[in-house]
Amino acid sequence: MTIDHSKDRTELDVAIVGAGVSGLYALHRLRALGYRVRVYEQGGDAGGTWYWNRYPGCRCDVESLEYSYSFDETLEQEWHWPERYGTQPEILRYVNHVVDRYNLRKDIVFNCPITAATFDEETDQWQLSTGGGERIASRFCIMATGNLSTPRVPDYEGLDSFQGKWYHTGQWPHDGVDFTGLRVGVIGTGSSGVQSIPIIAGQASRLHVFQRTPQFSLPARNGPMDSDKETAHKAAYRSHREAALDTPFGMSGHPPPTQSALDISDEERQAAYEAKWAEGGSISFLYAYTDLLINKAANDTAADFVRDKIRQTVNDPKVAEKLIPHDHPIGTKRLILDSGYFETYNQDHVTLVDVREAPIERFTPEGLRTADGNEYELDAVVFATGFDAMTGALRNIALDNGAGLTIQDKWSNGPRCFMGLAMAGFPNLFMITGPQSPSVKAQMILGGEQHSDWIAEFLEYMRLNDVTRFEVEQKAEDDWVLHNNDIADSTLYPLANSWYVGANVPGKPRVFMPYVGGFNRYKKACDELAEKGYPGLRLSRYDEMSDVAD
Ligand code: NAP
């Protein structure tokens, strides 16, 4: 991109890309500190994930009393969540309430994708371009572009010829879709597929589920908010939030396990799993024992428990066996929470098609054909096929550092970041919940708040020290990436072909992307970095180009 030094451009201190839950809080926090901040959002309104993912059954898998902002105690007390887990419409209503309550909308430009960003070495500013041709110069840029924001539709031959309608769960029509009486195909059985399939089955005259890999799913046990629980939680909200910060996944209410799954009798273990199964929730289940995610034999005890539950739920033993995962330890792919998923296969009009055995060969005008020659006539197809996770959104921007390095080059062998917050070679650029931060492995709103607070304090430090530029030292980044990988390698996570390693996108380098050392440990590292005066980040001023601090 050519650098624009003209005056007819917006001048900012901080440009934020993305008006999801993180970008919104970053705006609120930085504006209060007096920075000139603006958010650029490609969608027509705020909410990020919750704006785009409007598919039937979409719901958060973190309990609503936890999955909410913690920065304002009055907001916390006043907001009432009607259900244990928030539905997409309810969460979007909450997000919009936050946008209005803190008057954020006036500093957000909607329908405005950032298409290119170049760092200007001469002025220490990012030069951003929007889809509409606007030019923005900003000292700092924060990419709050989301981890699961680039939907992926597999490249199927013949899709253009298909005469029915097709949808991706991550780009759902705002006025909804009525499948009543239709022959529907759902491709994909991750969280989005598993949540939507029971609802679509309730409308469709015929439903085919095209499954490549079965996944573990637990009952969510959703229901109306228990008012006693809500009252008790609100009475102690501060201590819940404090406790959440000190957990590996950023959620309170789950006492740390103390025992190995292999140190107790089969009966005791079975009873514990039954209790967790009845309680609902994935953290509670995976946190039953100390070693479920680090020891395969321990993990097998939990996996076998869930496999038996699937067998008990699904009437047809052949269908049940097809629905049982065997290719990955439980929890190493995002553990799904469902409401009646496995029961759906007991309905006569619902058929499971194993596309691992016979892959989808092509779409036809009438539907699709699988490699065994079977033809499926369909009126509508739902792609629940996931996202180019964690790196897709940034790689879609023509992002370069003004000195010949593009993000595509930088990440050609997979993402490399310093604590998921910044990158060597890209001065003055932040990411919120970027690769190699806890991101998707912790409560996302809490992660967004923690990152935004850390960035705010760092900006204040730079302002105080009259600094206009920060750069990540290569060694600091290399050390962090090594640390991230070492931790991942000490767990069972890399054994799964998950989107955590980019396995769902053909050709994507296999790198373990989220930090799985725990949110609490990660936050401590961030806090220590600030306390020590940001070692590993080189600070300078453009008109001096001399170091102001080390
Ligand atoms: P996903 O977990 O990546 O699942 C995609 C599904 O599509 C997988 O079953 C995958 O099979 C299948 N698939 C992909 N390409 C295919 C192809 N060419 N042919 C056949 N099948 C194909 O995506 P997602 O369900 O949208 O969920 C992504 C993440 O978003 C979740 O893990 C979760 O973190 C988040 N999410 C959360 C919630 C919630 O809070 N409740 C809800 C939805 C999503 P393979 O496994 O074989 O690749």
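Calculation rules
Per chain, residue numbering runs from 1 following the sequence as it is written. Reporting of local features is limited, given that this is a predicted model, to residues whose pLDDT is at least 70; pairs of side-chain atoms are given and counted only at 80 or more, and all residues count toward the totals for whole chains, interfaces and linings. With hydrogens and water stripped out, all remaining heavy atoms of the structure feed into the side-chain values. Helix axes are fitted only over the stretch in contact, all axes being lines through C-alpha atoms; the angle between N-to-C directions runs from 0 to 180 degrees. Helix numbering and strand numbering both begin at the N terminus, where a helix is a DSSP run of H or I of at least 4 residues and a strand a DSSP run of E of at least 2. Angle categories are assigned with fixed cut-offs, so that under 35 degrees is roughly parallel, over 145 is roughly antiparallel, 65 to 115 is roughly perpendicular, and the rest are oblique. Residue contacts follow a heavy-atom distance rule, with two residues in contact if any of their heavy atoms lie within 4.5 Å. When residue character is reported, Ala, Val, Leu, Ile, Met, Phe, Trp, Tyr, Cys and Pro are called nonpolar, Asp, Glu, Lys and Arg charged, and the others, Gly included, polar. For the exposure calls, accessible area comes from a 1.4 Å probe over protein chains only, and a residue counts as buried if that area is under 20% of its type's maximum, exposed if over 50%, partly exposed in between. What makes two strands pair is DSSP finding at least two bridges between them. By this rule, a helix spans an expected 1.5 Å times one less than how many residues it contains. A 1.4 Å probe that fits but cannot get out identifies a cavity on a 1 Å grid over protein atoms alone, an open set with protein on both sides within 12 Å along at least five of seven lines counts as a pocket, and a residue lines either if it has an atom within 4 Å of a point. Grid points are joined across faces, edges and corners, and a volume is the space filled by probe spheres set on the points. When at least one non-hydrogen atom of a residue lies within 4 Å of a molecule or strand, that residue is treated as near it. The term polar contact refers here to a pair of N or O atoms within 3.5 Å; inside protein, the definition further demands a hydrogen-donor-capable atom paired with an acceptor-capable atom, and it admits residues adjacent in sequence only when both atoms are side-chain atoms. All accessible areas in this document rest on Shrake-Rupley with a 1.4 Å probe, and a residue is counted as covered only by the protein chains that are shown.

Draft legend 1. Structural context of the packing of helix H15 (residues 444-464) against helix H17 (residues 519-531). Contact geometry for H15 and H17: axes closest at 11 Å, N-to-C directions at 10 degrees. Of the possible angle classes, the one that applies to H15 and H17 is roughly parallel. Touching Leu 446, Gly 447, Gln 450, His 451 and Trp 454 of H15 are Phe 519, Tyr 522, Lys 523, Cys 526, Leu 529 and Ala 530, all from H17. Residues of the contact of H15 with H17, tallied by class, amount to seven nonpolar, three polar and one charged.

Draft legend 2. Quick peek at the pairing of strand E7 (residues 125-130). The element E7 is largely enclosed, with a buried count of six among its six residues. On E7, burial covers both faces: Gln 125, Gln 127 and Ser 129 on one face and Trp 126, Leu 128 and Thr 130 on the other are all buried. The pairing of strand E6 (residues 114-120) with E7 spans six bridges and is classified as antiparallel. By the bridge assignment, Ala 117 is partnered in E7 with Leu 128.

Draft legend 3. Summary view of helix H8 (residues 266-279). Taking 1.5 Å per residue as the helical rise, H8 with its 14 residues ought to reach 20 Å, and the 20 Å between its terminal C-alpha atoms agrees with that figure. Among the residues trailing H8, Gly 280 stands out with phi positive, at a value near 85 degrees.

Draft legend 4. Up close: empty space enclosed by the protein. Evaluation of the coordinates by the stated rule reveals three cavities of 30 Å³ or more. Approximately 110 Å³ is the volume attributed to the largest cavity. Thr 145, Gly 146, Asn 147, Met 390 and Leu 394 are the residues nearest the centre of the largest cavity, which is lined by 19 residues in total. Looking at which element gives the most residues to the lining of the largest cavity, the answer is helix H13 (residues 392-395), with three residues. Along the lines of polarity and charge, the residues of the lining of the largest cavity split into nine nonpolar, nine polar and one charged.

Draft legend 5. The arrangement of the layout of surface pockets in detail. Space inside the second largest pocket adds up to approximately 400 Å³. Every residue lining the second largest pocket is counted, 26 residues in all, and those nearest its centre are Glu 63, Arg 84, Lys 229, Ser 252 and His 254. Those elements giving two or more residues to the lining of the second largest pocket turn out to be strand E3 (59-63), helix H6 (227-235) and helix H9 (282-286). Residues that form the lining of the second largest pocket fall into these classes: eight nonpolar, ten polar and eight charged.

Draft legend 6. Just the site of the ligand, in detail. As a matter of local geometry, the ligand sits amid 24 residues, with Arg 59, Ser 192, Gln 195, Arg 212 and Thr 213 nearest to it. Contacts to the ligand include Gly 190, whose backbone N or O atom sits 3.5 Å from an oxygen atom. Lys 333 is positioned such that a nitrogen or oxygen atom in its side chain is 2.9 Å from an oxygen atom of the ligand. Burial of the ligand by the protein amounts to 90% of the accessible area it has alone, namely 910 Å². Tallied by class, residues from the shell around the ligand come to nine nonpolar, nine polar and six charged.

Draft legend 7. Here's a closer look at the side chain of Thr 87. Along the chain, Thr 87 falls in strand E4 (residues 85-87). With relative accessibility at 18%, the residue Thr 87 sits in the buried group. In contact with Thr 87, other than residues within four places in its own chain, are Cys 58 and Arg 59.

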